[in-house]
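Coordinates in review
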Amino acid sequence: MATASTDMAPASGREATRRLLPFTGLVALGYLTVGLPLAVVPIYVHSTLGFGPVAVGWVIAMQSIGTLLTRHFAGVVSDTRGSKLAVISGAATCSFAAVLYSLSTPSLFGRPGGLGVLLLARLILGLGESLLITGALAWCIGAVGSRYTGRAMVWVGIAMFGSIGAGAPAGVGLLRAGGFTFLALVAALLPILACLIAARKPGIPPHHGRRMGFLKVVGLIWPFGVSLALSTFGFGTLFAFLGLYYASHNWSGASWALSGFGLAYTVTRLIFGGLPDQMGGIRVASVTIPLQALGLIILAAAPVAEVALIGAAILGAGYSLTFPALGVEAVKHVPPQSRGAAMGAYVAFVDIGLGLTGPISGAIVSHAGYPAVFVAGALASGGAFVAMMLTSNLFVRPTVD
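Note that the structure is predicted; figures quoted are calculated from it, not measured.

A few points about the packing of aromatic side chains
- As enumerated under the stated definition, the model contains 12 aromatic pairs in all.
- With centroids separated by 5.7 Å and ring planes inclined at 20°, the aromatic side chains of F235 and F261 adopt a geometry described as stacked. One end of the pair, F235, is in helix α7 (residues 214-248); the other, F261, is in helix α8 (residues 254-272), and 26 residues separate them in sequence.
- Owing to a relative accessible area of 0%, F261 belongs among the buried residues under this scheme.
- Each ring, one from Y245 and one from W251, has its centre 5.8 Å from the other, and the planes form 75°; the classification is edge-to-face. When sorted by exposure, Y245 lands in the same class as W251, which is buried.
- Linked through ring pairs, F241, Y245, Y246, W251, Y370 and F374 together constitute an aromatic cluster.

A word on unusual backbone geometry
- The phi angle at N250 is positive, at roughly 60°, despite the residue not being glycine.
- Secondary-structure assignment places N250 in the loop between α7 and α8.

With respect to the packing of helix α4 (residues 83-101) against helix α6 (residues 149-199)
- It is the contact of α4 with α6, at a shortest axis distance of 7 Å, that shows an interaxial angle of 165°. The angle between α4 and α6 falls in the class roughly antiparallel. As for how α4 packs across α6, the hand of that crossing is left-handed. Together, K84, V87, I88, A91, A92, C94, S95, A98, V99 and Y101 of α4 and F180, A184, A187, A188, P191, I192, A194, C195, A198 and A199 of α6 make up the contact between the two elements.
- Within the contact of α4 with α6, the residues separate by chemical class into 18 nonpolar, one polar and one charged.

Topic: the domain arrangement of the protein
- Domains assigned within the protein are domain 1 (17-204) and domain 2 (212-400).
- With 43 residues of domain 1 at the interface, the matching set in domain 2 holds 45 residues.
- Summed over both sides, the interface between domain 1 and domain 2 buries roughly 3500 Å², with carbon and sulfur atoms accounting for 75% of that surface.
- When the buried surface of domain 1 facing domain 2 is broken down by residue, R71, M153 and F161 rank first, second and third, together holding 18% of it.
- In this structure, the connection of domain 1 to domain 2 is made through zero salt bridges.

Section: the packing of helix α10 (residues 281-301) against helix α11 (residues 305-331)
- Interhelical geometry of α10 versus α11 gives an angle of 155° and a closest axis separation of 7 Å. Judged on the interaxial angle alone, α11 and α10 are roughly antiparallel. The chirality of how α10 crosses α11 is left-handed.
- The residue inventory of the contact of α10 with α11, partitioned by class, reads 19 nonpolar, seven polar and one charged.

Definitions and limits used
Residues numbered from 1 in each chain as written. Predicted model: local features only at pLDDT ≥ 70, side-chain atom pairs only at ≥ 80, totals over all residues. Heavy atoms only, no water. Phe/Tyr/Trp six-rings, centres within 6.5 Å; stacked < 30°, edge-to-face > 60°. Helix = DSSP H or I, 4+ residues; strand = E, 2+ residues; numbered from the N terminus. Buried < 20%, exposed > 50% of the residue type's maximum accessible area, 1.4 Å probe, protein only. Axes fitted to C-alpha atoms, helices over the stretch in contact; angles between N-to-C directions. Parallel < 35°, antiparallel > 145°, perpendicular 65-115°, else oblique. Left-handed = near helix turned anticlockwise from the far one by under 90°. Contact = heavy atoms within 4.5 Å. Nonpolar A, V, L, I, M, F, W, Y, C, P; charged D, E, K, R; others polar. Domains from an automatic or database assignment. Buried area = accessible area lost by both parts, 1.4 Å probe. Salt bridge = Lys/Arg side-chain N within 4 Å of Asp/Glu carboxyl O.

This is the structure in structure tokens:
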């Protein structure tokens, strides 16, 4: 696979953004495989396959388990074979996972068999997402240089959550228009378009030099990752149980609340996306993590759907900059030749957070109801804030250029 040498570092943040915009499009297309079914899968598992909240939690968690198990592999592919290959392979794998979605209907394998196929599809989707996002982050940082690490994470995140925000209501519309199989096949087509776009872009050659072992990289960035994992718990509860929470109140519009999250997430990044690079990640996260907790408390106490939508939007605004803020701090501690491994290790803490969210939140819902799961998410955000403050006080290492 042909590659091109890296260009000179961008002279300004505007030039860096210009370089990052094409990546935003291809990541968004690939990530629609995650976004389109997101509001539909929990209802599908509950209503069509006939399983309860614990099964819903495991289905949601399975993607994160798949990504967690493959982040090391994705980082190695990106560092040694090139981030372009990682992105193309990841998008193709996402497409295959969506094809498996279409085979999970009860008419083919019965309800237990359909659940098994869906779990397998979610696991494979985790591999695809791992390769796609790890490769895209390394490719973007390589394209703009370490000075704009935060900006690169911002734009990859805009692509991801733009796909979630637009994909949730679009997925509901596709379901109504043609059923779950039709939705799955559309979700399978879009990552192929991402592959075609990525194939036409010049790659970034892998950095030379001795690469750190994955466990050593984890040892360098884990304090930031712990805070990220705890922050992710509340975000995970939103996507796992918001639809069922709305249904329990006989509210409509859960997909629009997910869009509210995605819109607030995207707008916040567009307006304030440069702050982690300019102000430092710790200062930014000290504001965004409490904002997440506030959104979750509003969700838990919401008397009507409109208030719940506001809570989801506040959560989106808070979570928006938490990921790049902590990521800026993490990337400072690894050399360029291990950047893919660092991105894989850092994002793996999102997987840990989401992987734990599914079964834990499912158990909470079963015993205490839906509002309690959002309260638990707010408490996890409080733990993330404490972990972040301990990180800023206790974990101080020289920056790696």
